[in-house]
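A structural walkthrough
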Amino acid sequence: MIVIALAGFGAGAINALVGSGTLITFPTLVAFGYPPVVATMSNAVGLVAGGVSSTWGYRRELRGQWDRLRWQIPASLAGAGLGAWLLLHLPEKAFVTIVPVLLALALILVVAGPRIQTWARERAEAQGRNAEHVGPGRMAALTAGTFAVGVYGGYFTAAQGILLVGVMGALLPESMQRMNAAKNLLSLLVNVVAATAYTLVAFDRISWAAAGLIAVGSLIGGAVGARYGRHLSPTALRAVIVVVGLIGLWRLLF
């Protein structure tokens, strides 16, 4: 019980900063003998609490993002619903095999984000456009990318935050902290949809004891992670994302 609660604390803190806390809690549950699907569903339910505390901790960075989030939020909700449905109807290996590829791609986008943003800004200025303006094309690409990450998150929540930051970093002229705030909100919504679907359809397959322990731990961890994460420089936050992502990639592969 103590180990699972501590794993939840670590997952909540890392989710507030990076978004791959499942890579801590999921293996922990499996190590204690929980079947993979049971571990996935119990973990999704438990991590909702951490998503609430981390999103609240980043509430100031969310201000001024509604024009974009009003498109991303429905995309995340729809994607999460489809992903949760897929988990209940497809074998787990269908997504597990592609997770390392998606995670590696997301890490590349996180590292290349500043250069992509600089290139986009210089191109906009050369064409006489406002560099901060997100046109219809980029908004459509962002919405589609958010939907795709939502599908992934509804099926297999590990590292969905890294994928979101990678997508937003490649398409938006935003700071890391503001993108991290949006990531926390969107990841929370995906987890809420997935947890609701699992509860309604597979109530008896969820370990509520494990979910409760993770919820308590992640609630505290999310608040702690948001408190200290908001003070990290963009470079430091990007470095944390890459390091945790590489560790997660190694664990998935080996």
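Attention in this report is confined to the structure presented alongside it. (Residues numbered from 1 in each chain as written. Predicted model: local features only at pLDDT ≥ 70, side-chain atom pairs only at ≥ 80, totals over all residues. Heavy atoms only, no water.)

Side note on the pattern of salt bridges
When their charged atoms lie close together, side chains carrying opposite charge are able to pair. Under the defined criterion, the tally for this structure stands at one salt bridge. E61 is paired through a salt bridge with R230; the nearest N and O atoms lie 3.1 Å apart. A residue pair is termed long-range when its members are at least 10 positions apart, and E61 in helix α4 (residues 59-62) and R230 in the loop between α11 (208-229) and α12 (234-253) qualify at 169 residues. Accessibility classification places E61 together with R230 in one group, the buried group. (Salt bridge = Lys/Arg side-chain N within 4 Å of Asp/Glu carboxyl O. Helix = DSSP H or I, 4+ residues; strand = E, 2+ residues; numbered from the N terminus. Buried < 20%, exposed > 50% of the residue type's maximum accessible area, 1.4 Å probe, protein only.)

Here's the deal with the side chain of T28
Among the secondary structure elements, T28 is positioned in helix α2 (residues 22-31). Apart from residues lying up to four places away in sequence, T28 is in contact with V3, I4 and A7. (Contact = heavy atoms within 4.5 Å.)

Quick look at α2
Within the span of α2, buried status applies to T22, L23, T25, F26, T28 and L29. Directly beyond the C-terminal end of α2, a positive phi value near 100° is found at G33.

Observations regarding the nonpolar core
Counting residues in each nonpolar core, the largest one holds 63 residues, and the members touching the most others are M41, L69, L142, I162, M168, Y198 and I241. Of the residues forming this core, the biggest block, 11 residues, is contributed by helix α10 (residues 176-201). Beyond its immediate stretch of four places on either side in the chain, I241 contacts L17, V18, L107, V110, I162, V165 and M176. (Core = buried A, V, L, I, M, F, W, Y, C linked by side-chain atoms within 4.5 Å.)

What about empty space enclosed by the protein?
Throughout the structure, instances matching the rule amount to two cavities of 30 Å³ or more. Here the largest cavity is characterised by a volume of approximately 150 Å³. As for the largest cavity, its lining consists of 18 residues, and the residues nearest its centre are N15, G19, Q160, S187 and N191. Broken down by element, the lining of the largest cavity gets its largest block of residues, five residues, from α10. Looking at side-chain class alone, the lining of the largest cavity contains three nonpolar, 14 polar and one charged residues. (1 Å grid on protein atoms, 1.4 Å probe; cavity = no way out; pocket = protein on both sides within 12 Å on 5 of 7 lines; lining within 4 Å. Points joined across faces, edges and corners; volume = space filled by probe spheres on them. Nonpolar A, V, L, I, M, F, W, Y, C, P; charged D, E, K, R; others polar.)

Considering the packing of aromatic side chains
The full count for this structure, using the stated rule, is one aromatic pair. Between F203 and W208, the aromatic rings sit 5.0 Å apart at their centres with planes inclined by 40°, giving tilted as the arrangement. Between the NZ or CZ atom of R59 and the centre of the ring of W56, over which it lies, the distance is 4.1 Å. (Phe/Tyr/Trp six-rings, centres within 6.5 Å; stacked < 30°, edge-to-face > 60°. Lys NZ or Arg CZ within 6 Å of the ring centre and 35° of its normal.)

Note that every value here comes from positions in space, so none of it alone points to a role or purpose.
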